[in-house]
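So you can see what is in the structure, the chains are spelled out below.
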Amino acid sequence: MLFRSAWLGVHHRNATFDEVVHVPAGIMQLQYGDFRVDPEAPALWKDWAALPNLLTHFDARRETQAWRGMLNDGLWEWDWAIDAMYRTAGNDPDALTNRSRAMMLVLAVALGALTALWAGQLGGGVAATVATFAFALDPTFLGHGPLVKNDVCFALVWVASAYVLWRISDR
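Reading guide: rules and limits
For every chain, the first residue of its written sequence is number 1, and the numbers climb from 1 along that sequence. A pLDDT threshold of at least 70 governs which residues receive local features in this predicted model, and a stricter bar of 80 or more applies before side-chain atom pairs are shown or counted, although totals over entire chains, interfaces and linings include all residues. To obtain the side-chain values, all non-hydrogen atoms of the structure were used and water was disregarded. Pairing of aromatic rings covers Phe, Tyr and the six-membered ring of Trp, with a centre-to-centre limit of 6.5 Å; geometry is then stacked below 30 degrees between planes, edge-to-face above 60, and tilted otherwise. Strands here mean DSSP runs of E at least two residues long; helices mean DSSP runs of H or I at least four residues long; both are numbered from the N terminus. The buried label applies to any residue whose accessible area, calculated with a 1.4 Å probe on protein chains only, is under 20% of its type's maximum; exposed applies above 50%, and partly exposed to all values in between. Definition used for salt bridges: Asp or Glu carboxyl oxygen within 4 Å of a side-chain nitrogen of Lys or Arg. Here the term patch refers to residues with relative accessible area over 30% and no salt bridge, with like charges joined within 9 Å and nonpolar side chains (Val, Leu, Ile, Met, Phe, Trp, Tyr) within 5 Å. Areas reported as accessible are Shrake-Rupley estimates using a 1.4 Å probe. Residue values count occlusion only from the protein chains shown. Helix axes are fitted only over the stretch in contact, all axes being lines through C-alpha atoms; the angle between N-to-C directions runs from 0 to 180 degrees. The scheme is simple: roughly parallel for angles under 35 degrees, roughly antiparallel for over 145, roughly perpendicular for 65 to 115, oblique for anything else. Contacts between residues were defined by any pair of non-hydrogen atoms, one from each residue, lying within 4.5 Å. Here the term charged refers only to Asp, Glu, Lys and Arg, the term nonpolar to Ala, Val, Leu, Ile, Met, Phe, Trp, Tyr, Cys and Pro, and the term polar to all other amino acids, Gly among them. Buried Ala, Val, Leu, Ile, Met, Phe, Trp, Tyr and Cys residues form a nonpolar core when they are joined through side-chain atoms within 4.5 Å. Any helix carries an expected span of 1.5 Å times its number of residues minus one. Note that the bend at a residue is defined as the angle between axes fitted to the seven residues ending at it and the seven residues starting at it. Here the positive residues are Lys and Arg and the negative ones are Asp and Glu; neither His nor the chain ends is included.

Take the packing of aromatic side chains next. Counted according to the given criterion, the structure contains seven aromatic pairs. With a centroid separation of 6.4 Å and an interplanar angle of 70 degrees, the aromatic rings of Phe-58 and Trp-80 are classed as edge-to-face. In this pair, Phe-58 is assigned in the loop between helix H3 (43-50) and helix H4 (65-69) and Trp-80 in helix H5 (residues 76-86), connecting sequence segments 22 residues apart. For the pair Phe-58 and Trp-80, one class covers both residues: buried.

Throughout the structure, instances matching the rule amount to five salt bridges. Measuring nitrogen to oxygen at the nearest pair gives 3.2 Å for the salt bridge that ties Arg-36 to Asp-34. The class for Asp-34 is buried, based on a relative accessible area of 18%.

What follows covers a nonpolar patch on the surface. Side chains of Leu-51, Leu-54 and Leu-55 sit close together on the surface and give an oily, nonpolar patch of about 320 Å² of accessible area. Relative to the helices and strands, Leu-54 is located in the loop between H3 and H4.

Right, let's get into the packing of helix H2 (residues 19-32) against helix H6 (residues 93-136). The geometry of H2 relative to H6 is characterised by a closest axis approach of 10 Å and an angle of 80 degrees between their N-to-C directions. When the axis of H2 is compared with that of H6, the two are roughly perpendicular. The residues of H6 that touch H2, namely those facing Glu-19, Val-23 and Ile-27, are Leu-96, Thr-97, Ser-100 and Arg-101. When the residues that make up the contact of H2 with H6 are grouped by side-chain class, the tally is three nonpolar, two polar and two charged.

Next up on the list: the packing of H2 against H5. Where H2 contacts H5, the axes come no closer than 9 Å and their chain directions differ by 80 degrees. As the angle between them shows, H2 and H5 are arranged roughly perpendicular. The residues of H5 that touch H2, namely those facing Val-20, Val-21, Val-23, Pro-24 and Met-28, are Glu-77, Trp-78, Trp-80, Ala-81, Ile-82, Met-85 and Tyr-86. Across the contact of H2 with H5, the residue classes break down as eleven nonpolar, no polar and one charged.

Bringing the nonpolar core into the picture now. Buried together is how nonpolar side chains tend to be arranged in soluble globular proteins. Met-28, Val-37, Phe-58, Trp-80 and Met-104 are the most contacted members of the largest nonpolar core, which totals 36 residues. Every element with two or more residues in this core is listed here: H2, H3, H4, H5, H6 and helix H8 (151-170). Among the elements that make up this core, the one with the highest residue count is H6 (nine residues). Not counting chain neighbours up to four residues away, the residues in contact with Trp-80 comprise Pro-24, Met-28, Val-37, Phe-58, Ala-60, Arg-61, Thr-64, Ala-66, Trp-67 and Met-70.

With that out of the way, let us pick up H6. Two residues of an α-helix separated by three or four positions point the same way, owing to the 3.6 residues in each turn. The first and last C-alpha atoms of H6 sit only 29 Å apart over 44 residues, clearly below the 64 Å expected at 1.5 Å per residue. Most pronounced at Gly-123, the bend in H6 amounts to some 145 degrees.

Let's shift gears to unusual backbone geometry. With a phi close to 60 degrees, Asp-38 is a non-glycine residue in the positive phi region. With respect to the helices and strands, Asp-38 occurs in the loop between H2 and H3. For Asp-38, a relative accessible area of 3% translates into the label buried. If you check the backbone angles, Arg-61 has positive phi at about 50 degrees while not being a glycine. Mapping Arg-61 onto the fold places it in the loop between H3 and H4.

A few words now on the side chain of Glu-77. Mapped onto the elements of the fold, Glu-77 is located in helix H5. Summary of buried charges: Glu-77 has no salt-bridge partner, and the nearest side chain of opposite charge, Lys-46, is 7.4 Å away.

So, in structure tokens, the structure goes:
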């Protein structure tokens, strides 16, 4: 229920500062195999976020000065992303962003489920319930969970790694 609130809080809202670059970067990676946009961010989570946009039309505007300039200066990615997302006829930035946000919410829910599982194994049902409520009421996860950013992805990877290490060492 709380993740529904998180989704409704960002659905049909403007893209955040980073999402303007992250969303088209994921599309370019997945559809065109081109990693020049946003190369400093890990590729896997951008591919995950771009999956629902795989068959969607996206005019990449690969003939612009900004597109060519990215090879030498990464700051051109901002000019290119803004033009491609918001100034190119036929591209629907809200739909592209919202589909990617839905994929990110899946990862946030997975992090909550892993937190509940681990807490349950450590302390039983009460611990799982308390941990789940604490996670679900955390403003950081409510606010960032559905955004196309790598914050929750990194948290999921670290918690999953710690959980696996704990399981291995428990044997």
